[in-house]
Amino acid sequence: MKVLVIGSVYPRFHEDAEVPWLRTSIAHLKQAGVEIQVLAPAYKGLKSHEIDGVKVNRFRYAPAGFEFLTHEEGAPSKMASKPWLQLLAIPYIISGFFKCIAICRKFRPDVIHAHWPFPHAYIALGAAKLFRIPLVLNFHGAELLLIRKKKWVKPLLKFAIGQAQAVFANSSFTAGKIRALRNVDVEWSPYGTTLETSSASGDGIAPHPVNGKFKILFVGRHIERKGICYLIEAAKFLPRDQFEIRIVGVGDLTDKLKSQATQVEALAPAGLRHDASETERQHDAPAEIVFTGKLSPEALANEYRTANVFTLPAIVDSKGDTEGLGVVLIEAMELGLPVVASNVGGIPDVVVDGVSGILVPEKDPQALANAYKRLAADPELLKQLLDGAQKRIAECFTWGKIVERQIAVYEKIKNKKK
């Protein structure tokens, strides 16, 4: 079985942390005996190369100094801040289109697997038709959000879906949006963990000890859809002597969030007497909020080891964007942390409320705080959720099972061609 995987982003060098889930997925497919090549755009003149023994074919679409449409930040975000980058979309598609034909002429894949179908379905279609290669389209949610802002994308996506022999979605939320666009069968193909090892064992996982304060951990980019501002607001409802919020990562909103946190922490507790003791002040003051910045892998691992709960207070943002799946939740579960997250997007595929974690309404700081307090006060519930989380991962989010389902689809559409 030979597969050509197409995407907008792929690691540029061995240590590159871009799309770890896609890199891990390809590694597992290769381990299962699939022969794979990758087609991805160049970044600032980057030539074709190998990563983990997989050939990465890079297509050039502009002078090297302008080849930064992809990588490091999503292309839609870059285009929003620099509208002129939209001019690169046409040479991007044309260059990718012809590069795809050239690769398929030589490599002769049995299947083309295109991630982010807009625009990559149109990069794949020429080769798929010319060489009669079955096409798999893999949606991650962001492409479908474009329809709200750019109406002309809808018929293009609808047509592309009709040309595919199989359609994958990263979550049931994304699958629902695909079916609303065109009534087709959609395979659920989530991500597994990108961690090297699992902390799961036959005896289950023991909750992390509380060292001084119950530590609430967030890890991710500081962007609107992560809902970090509501986590900061939740500090108002958490006693300072019992809870600490730790926010890992950086992003466009970091400075604004730090300013908000300073204001929240400075709030004088309502009704506190002027002669209150230091103990009373510590209890009634908002929880401490710590911004760690971007961390090394070792420092990040330590944050996970010393935390007591992981949280993802995601929202549907002002652009209609939200979490497609929430793979960071899967990784937190693997590392033995109970999870509290918002009931939006693809998160409920990972967090079954009361079974593998706690779901709360979006944009509700009080509900977030109540969930953290429940876990801090009930070790039995905490242990129950950890056990449920391990079971959920084993059932749905192990790469072995994910890749097995993908290969079954590849075989099915390959055999249909005959």
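Residues numbered from 1 in each chain as written. Predicted model: local features only at pLDDT ≥ 70, side-chain atom pairs only at ≥ 80, totals over all residues. Heavy atoms only, no water.

Draft legend 1. The sheet that holds strand S3 (residues 49–51), seen in detail. If you trace the eight strands from one edge of the open sheet to the other, you get S3-S4-S2-S1-S5-S6-S7-S8, paired in mixed fashion. If you trace the sheet from one side to the other, it starts and ends with S3 and strand S8 (187–188), each paired once. Bridging between strand S1 (residues 2–6) and strand S5 (residues 111–115) involves four bridges; their strand directions are parallel. Pairing of Ile6 across the sheet is with Ala114, part of S5. In this fold helix H3 (residues 89–107) packs onto S1, strand S2 (35–41), strand S4 (54–59) and S5, with an angle of close to 160° to the strand it touches most, S2. (Pairing = 2+ DSSP bridges. Helix = DSSP H or I, 4+ residues; strand = E, 2+ residues; numbered from the N terminus. Contact = heavy atoms within 4.5 Å. Axes fitted to C-alpha atoms, helices over the stretch in contact; angles between N-to-C directions.)

Draft legend 2. Broad picture of the layout of surface pockets. The calculated volume of the second largest pocket comes to roughly 250 Å³. Lining the second largest pocket are 14 residues, with Gln165, Ala166, Val167, Asp185 and Lys412 positioned closest to its centre. Looking at the lining of the second largest pocket, the elements with two or more residues in it are helix H6 (153–163), strand S7 (166–169) and helix H16 (399–417). When residues of the lining of the second largest pocket are assigned to their parent elements, the largest contribution, four residues, is made by H16. Classifying every residue of the lining of the second largest pocket by side-chain character gives eight nonpolar, two polar and four charged. (1 Å grid on protein atoms, 1.4 Å probe; cavity = no way out; pocket = protein on both sides within 12 Å on 5 of 7 lines; lining within 4 Å. Points joined across faces, edges and corners; volume = space filled by probe spheres on them. Nonpolar A, V, L, I, M, F, W, Y, C, P; charged D, E, K, R; others polar.)

Draft legend 3. Fine view of helix H14 (residues 365–377). With 13 residues, H14 extends 18 Å from end C-alpha to end C-alpha; this agrees with the ideal 18 Å at 1.5 Å per step. Every buried residue of H14 is listed here: Pro365, Ala367, Leu368, Ala369, Ala371, Tyr372 and Leu375. (Expected span 1.5 Å × (residues − 1). Buried < 20%, exposed > 50% of the residue type's maximum accessible area, 1.4 Å probe, protein only.)

Draft legend 4. Structural detail: the pairing of strand S13 (residues 339–342). Side chains of S13 alternate between two faces, with Val339 and Ala341 and Val340 and Ser342 buried alike. Pairing of strand S12 (residues 309–312) with S13 involves three bridges; the strand directions are parallel. The residue of S13 that forms the bridge with Leu312 is Ala341. One crossover worth recording links S12 to the parallel S13 by way of helix H12 (residues 327–334), and it is right-handed. Note: S13 against strand S14 (residues 358–360), three bridges, orientation parallel. Among the inter-strand pairings, Ser342 is bridged to a residue of S14, identified as Val360. (Right-handed = clockwise from strand over helix to strand, strands pointing away.)

Draft legend 5. Up close: the sheet that holds S14. A sheet is described by the order of its strands in space; here six strands give the open sequence S11-S10-S9-S12-S13-S14, paired in parallel fashion. The two strands at the open ends of the sheet, each matched to only one other strand, are strand S11 (288–293) and S14. This sheet shows a mean twist of 25° between the axes of neighbouring strands, independent of strand direction. The sheet contact formed by strand S9 (residues 214–219) and S12 spans two bridges and is parallel. Residue pairing across strands places Leu217 opposite Phe310, the latter belonging to S12. Of the strands in this sheet, S9, strand S10 (243–248), S11 and S12 are in contact with helix H11 (residues 297–306), which crosses S9 at around 140°. Its contacts with the sheet place H12 against S9, S12 and S13, and it is angled at close to 175° to S12.

Draft legend 6. Geometry of the packing of H12 against helix H15 (residues 379–396). Two elements in contact, H12 and H15, have axes whose closest approach is 9 Å; the angle formed by their N-to-C orientations is 120°. With respect to H15, the axis of H12 lies oblique. Between H12 and H15 lies a crossing of left-handed hand. Contacts between H12 and H15 involve Ile330, Met333 and Glu334 from the first element and Ala389, Gln390 and Ile393 from the second. Broken down by class, the residue content of the contact of H12 with H15 amounts to four nonpolar, one polar and one charged. (Parallel < 35°, antiparallel > 145°, perpendicular 65-115°, else oblique. Left-handed = near helix turned anticlockwise from the far one by under 90°.)

By themselves these figures say nothing about function.
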